[in-house]
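Analysis of the macromolecular model
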Amino acid sequence: MQTAMVALNDIQTHYCTNGCGPAVVFVHGLAEDHRSWRRQQDEFTDHHTYAYDLRGHGASTLGGADGTLAQLRDDLIAFLTEVSGPAVCVGFSLGGTVVLSAAAQRPDLVTGIAVLGTSSVVGRAAAEFHQRRAEQVGDAAAVLDGLREDTAAMLASSTVDVDDLVARRAESIGDGRGYANAATAMAGLHGNPLTPELAAIKCPVTVIGGENDVLCPRKAADILLEALPRATYREIPGAGHLMNGDNPDATTAALRDALSQR
């Protein structure tokens with residue numbers, strides 16, 4: 001496992017790479033960083049895997065963040081162009097939305113897709129929730145309380161160490177400006193949904209949902225399945241939104257199967 005920094009667009013992007021073989025790029029969710037994919041990077045050594053930190057998350061710098069999905073999409077496109085080359089892209093939640101947006105814009109760079117707990121549109125309540133979280137940045141206690149509340153809601157298993165997970169997520173967002181930027185981008189899916197762009201994605205897509213995901217329920221997956229030309233669905237039993245925490249064995253198996261279909 002090796003880490004590196006690379007200048008992409010207006011930021012320094014930190015990433016971790018492992019293995020050899022076909023390229024796979026992992027994109028994490030809101031308030032996470034590349035470490036959320038450590039299990040998969042450890043196991044998928046027959047692929048050349050990359051997991052990078054979104055702008056303002058982990059060790060990546062924030063740059064001139066503008067609170068849009070388009071900017072996060074362009075960061076992924078730059079990574080695929082300058083670092084990994086064309087690759088299968090795997091994204092969780094926010095990361096899945098970034099992956100789908102990049103694939104619609106540059107189908108030549110995305111050879112296959114797996115998205116977990118991902119939405120292409122959010123309702124008014126979800127948009128207001130993301131905007132509230134963005135507005136809390138600057139109040140460290142409020143941000144931490146929000147992370148704790150949200151993390152607990154994202155889990156279905158009582159065996160997961162919530163405090164440990166919250167501490168890791170808090171470390172991932174640092175001063176919180178990148179978290180606010182990404183939350184604002186997600187809120188923007190209410191007025192500007194990604195759904196109409198999905199028809200441009202011609203590569204195979206595996207849509208993965210958690211059986212007990214209350215934040216991104218089956219309805220969100222059904223919207224993707226209806227809009228994508230080549231999509232299949234897999235469900236992770238006993239898992240909430242943070243399915244890689246609730247049921248990492250089943251999540252890894254589903255991703256392994258998705259990679260084997262390419």
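For the structure given in this document, a descriptive report is provided here. (Residues numbered from 1 in each chain as written. Predicted model: local features only at pLDDT ≥ 70, side-chain atom pairs only at ≥ 80, totals over all residues. Heavy atoms only, no water.)

Quick notes on the overall build of the protein chain
When helices and strands are tallied, the protein chain shows 10 helices and 8 strands. Whereas a compact globule of 262 residues would reach a radius of gyration of roughly 18 Å, the protein chain reaches 16 Å, a difference of no more than 12%. Over its C-alpha atoms, taken along the principal directions, the protein chain stretches across nearly 45 × 40 × 35 Å. In the protein chain, once contacts between residues fewer than 6 apart in sequence are set aside, the share between residues at least 24 apart is 75%. The distance from the centre of the 20 positive side-chain charges to the centre of the 32 negative ones in the protein chain is 4 Å. (Helix = DSSP H or I, 4+ residues; strand = E, 2+ residues; numbered from the N terminus. Rg over C-alpha atoms; globule rule 2.2 N^0.38 Å. Contact = heavy atoms within 4.5 Å. Lys, Arg positive; Asp, Glu negative; His and termini not counted. Charge placed at Lys NZ, Arg CZ, Asp CG, Glu CD.)

As for the pattern of salt bridges
For the coordinates displayed, the defined rule picks out 16 salt bridges. Of the charged contacts in the structure, one is a salt bridge between Asp 33 and Arg 35, with a shortest N-O distance of 2.9 Å. A relative accessible area of 5% places Asp 33 in the buried class. The exposure class assigned to Arg 35 is partly exposed, which follows from its relative accessible area of 28%. Overlapping salt bridges, with partners in common, bring together Asp 10, Arg 55 and Asp 75 in one network. (Salt bridge = Lys/Arg side-chain N within 4 Å of Asp/Glu carboxyl O. Buried < 20%, exposed > 50% of the residue type's maximum accessible area, 1.4 Å probe, protein only.)

Considering the packing of aromatic side chains
Where two aromatic rings form a pair, the distance of their centres and the angle of their planes describe that pair. A complete count under the given rule lists 5 aromatic pairs for this structure. Seen in terms of ring centroids, Tyr 15 and Phe 79 are 5.3 Å apart; in terms of plane orientation they differ by 85°. Their pairing is edge-to-face. Residue Tyr 15 is found in strand 2 (residues 11-18), and its partner Phe 79 is found in helix 2 (residues 69-84); the two are separated by 64 residues along the sequence. Taking the relative accessible area as the measure of exposure, Phe 79 reaches 0% and is therefore buried. An aromatic cluster is built from Tyr 15, Tyr 50, Tyr 52 and Phe 79, whose rings are joined through pairwise contacts. Its guanidinium or amino end placed over the ring of Tyr 233, Arg 218 lies 3.9 Å from that ring's centre, counting from NZ or CZ. (Phe/Tyr/Trp six-rings, centres within 6.5 Å; stacked < 30°, edge-to-face > 60°. Lys NZ or Arg CZ within 6 Å of the ring centre and 35° of its normal.)

A word on unusual backbone geometry
If you check the backbone angles, Ala 31 has positive phi at about 60° while not being a glycine. With respect to the helices, strands and loops of the structure, Ala 31 is situated in the loop between strand 3 (23-27) and helix 1 (38-43). One non-glycine residue with positive phi stands out, namely Ser 93, at about 55°. Mapped onto the fold, Ser 93 is located in the loop between strand 5 (87-92) and helix 3 (94-105).

Focus: the side chain of Thr 49
Of note, Thr 49 is situated in strand 4 (residues 48-52). You can call Thr 49 buried: its relative accessible area is 1%. Once residues within four sequence positions are removed from consideration, Thr 49 is found in contact with Cys 16, Thr 17, Asn 18, Val 24, Phe 26, Gln 41 and Phe 44.

Topic: the side chain of His 14
Mapped onto the elements of the fold, His 14 is located in strand 2. Those residues in contact with His 14 that lie beyond four places of it in its chain are Thr 3, Ala 4, Met 5, His 34, Ala 51, Tyr 52, Asp 53, Ala 59 and Ser 60.

Considerations on the pairing of strand 8 (residues 231-236)
As paired elements, strand 7 (residues 205-210) and strand 8 share 6 bridges and run parallel to each other. Bridge pairing in strand 8 places Val 207 opposite Tyr 233. (Pairing = 2+ DSSP bridges.)

Notes on the sheet that holds strand 6 (residues 110-116)
Taken in spatial order, the 8 strands of this open sheet run 1-2-4-3-5-6-7-8, and their pairing is mixed. Strands with a single pairing partner mark the edges of an open sheet, and in this sheet they are strand 1 (2-8) and strand 8. Ignoring strand direction, the axes of neighbouring strands in this sheet form an average angle of 25°. Alignment of strand 1 against strand 2, held across 7 bridges, turns out to be antiparallel. Looking at strand 2, one finds that Met 5 is bridged to His 14. Here helix 3 sits on the sheet and contacts strand 3, strand 4, strand 5 and strand 6; the angle it forms with strand 5, its principal contact strand, is near 145°. (Axes fitted to C-alpha atoms, helices over the stretch in contact; angles between N-to-C directions.)

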